[in-house]
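Listed here are the chains, written in short residue letters.
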Amino acid sequence: DMKVTQMPRYLIKRMGENVLLECGQDMSHETMYWYRQDPGLGLQLIYISYDVDSNSEGDIPKGYRVSRKKREHFSLILDSAKTNQTSVYFCASSLFSEHQDTQYFGPGTRLLVL
Amino acid sequence: AQKVTQTQTSISVMEKTTVTMDCVYETQDSSYFLFWYKQTASGEIVFLIRQDSYKKENATVGHYSLNFQKPKSSIGLIITATQIEDSAVYFCAMRVSNMGYKLTFGTGTSLLVDP
């Protein structure tokens, strides 16, 4: 069963605290992504990872960093969270193939920064 | 720079009718891929259908089909015989060949199917 998991599903943090969002996939996909979704803005790409330790910035990387030490696992880290990072964060994965690049999304993590 | 625009914020239709959702894209590249994704009320996001820029035929999957008008940079999603469970937010997205695997999403169209 092809699946992308995210932990935690809900998180409340205070401004200045560090945040770790975790994502896993069981499809051996090379490529993984982190997006944030805000009302009226659709999905915005934060980071993309092409494989272990091969990460690239997306459209809005400022304030975020990522880690990918195993193919099946991709983490998003917020060092010293800010209130404007309150959002819903989605992880996704896909094959590294021109014609098989459908993205499979996780259920999302709802983050509230107070 | 790539851009995807969905001007319809929300649409309401009666069950079993046909609905079309609009999407316009901007790119300077000749090779690109267009996608539609669906986000349900629970937040789940799933892939629906894809159109490759070099293909003339409109893609069709189940009761979803596309109206690809390349000269107008337009990729409409058509849902025939709509069902209540089609109520969701629909996102159009584009990937350009020379930009790796980065997807640019539109802002979404909310579809409500009434019984």
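Calculation criteria
- Residues numbered from 1 in each chain as written.
- Chains lettered and ligands numbered in written order.
- Predicted model: local features only at pLDDT ≥ 70, side-chain atom pairs only at ≥ 80, totals over all residues.
- Heavy atoms only, no water.
- Patch = residues over 30% accessible without salt bridge, like charges linked within 9 Å, V, L, I, M, F, W, Y side chains within 5 Å.
- Areas by Shrake-Rupley, 256 points an atom, 1.4 Å probe, with all protein chains shown as cover.
- Salt bridge = Lys/Arg side-chain N within 4 Å of Asp/Glu carboxyl O.
- Helix = DSSP H or I, 4+ residues; strand = E, 2+ residues; numbered from the N terminus.
- Contact = heavy atoms within 4.5 Å.
- Buried area = accessible area lost by both parts, 1.4 Å probe.
- Polar contact = N/O pair within 3.5 Å; in protein donor to acceptor, adjacent residues only side chain to side chain.
- Disulfide = S-S within 2.5 Å.
- Buried < 20%, exposed > 50% of the residue type's maximum accessible area, 1.4 Å probe, protein only.
- Phe/Tyr/Trp six-rings, centres within 6.5 Å; stacked < 30°, edge-to-face > 60°.
- Pairing = 2+ DSSP bridges.
- Axes fitted to C-alpha atoms, helices over the stretch in contact; angles between N-to-C directions.

Let us look at a nonpolar patch on the surface. Together, A:Ile12, A:Leu112 and A:Leu114 line one region of the surface with nonpolar side chains, adding up to about 290 Å² of accessible area. Here A:Ile12 lies in strand β2 (residues 10-13).

Right, let's talk about the interface of chain A and chain B for a bit. When the parts come together, some accessible area is lost, and that loss is often what is quoted as the size of the interface. Contact with chain A, which involves 23 residues of that partner, is made by 21 residues of chain B. Between chain A and chain B, roughly 1800 Å² of surface is buried when both sides are summed, and carbon and sulfur atoms account for 52% of that area. The interface formed by chain A and chain B contains one salt bridge. A salt bridge links A:Asp59 to B:Lys102; its shortest N-O distance comes to 2.4 Å. Counting across the chain A and chain B interface gives three residue pairs in polar contact (both at pLDDT 80 or more). If you list the elements that add at least two residues to the side of chain A that touches chain B, you get β4 (31-38) and β5 (42-51) of chain A.

Now for the state of the cysteines. Tallied over the entire structure, the rule returns two disulfides over all chains. Paired by a disulfide, A:Cys23 and A:Cys91 hold their sulfur atoms 1.9 Å apart. Between A:Cys23 and A:Cys91, the S-S torsion sits near -75°, and that sign places the bridge as left-handed. Taken as a pair, A:Cys23 in strand β3 (residues 19-25) and A:Cys91 in strand β9 (residues 87-94) lie far apart in primary sequence, 68 residues in all. Residue classification places A:Cys23 among the buried positions, given a relative accessible area of 1%. Between the sulfur atoms of B:Cys23 and its disulfide partner B:Cys92 the distance amounts to 2.0 Å.

Inspection of the entire model under this criterion finds 14 aromatic pairs over all chains. A centroid spacing of 6.4 Å and a plane angle of 75° characterise the contact between A:Phe105 and B:Phe105, whose relative ring orientation is edge-to-face. One end of the pair, A:Phe105, is in strand β10 (residues 104-105); the other, B:Phe105, is in strand β11 (residues 104-105), on a second chain. Of the residues examined, B:Phe105 reaches a relative accessible area of 8% and is grouped as buried.

Before going further, it helps to spend a moment on the environment of B:Ile49. All names here are of chain B. Along the chain, isoleucine 49 turns up in strand β6 (residues 45-52). C-alpha separation for the pair isoleucine 49 and methionine 99, spaced 50 residues apart in sequence, amounts to 20 Å. Excluding anything up to four places from it in sequence, isoleucine 49 contacts Leu34, Phe35, Trp36, Ala59, Thr60, Val61, Tyr64, Ser65, Leu66 and Leu77.

A separate point is the sheet that holds strand β8 (residues 73-78) of chain A. All names here are of chain A. Judged by pairing direction, the sheet is antiparallel, and its four strands sit side by side in the order β1-β3-β8-β7 without closing on themselves. Among the strands making up the open sheet, the edge pair consists of β1 (4-7) and β7 (65-70). Within the sheet, the average angular offset between the axes of one strand and its neighbour, ignoring direction, is 20°. In this structure, β3 lies alongside β8, joined through six bridges in antiparallel fashion. Residue pairing in the sheet places cysteine 23 in a bridge with phenylalanine 74 of β8.

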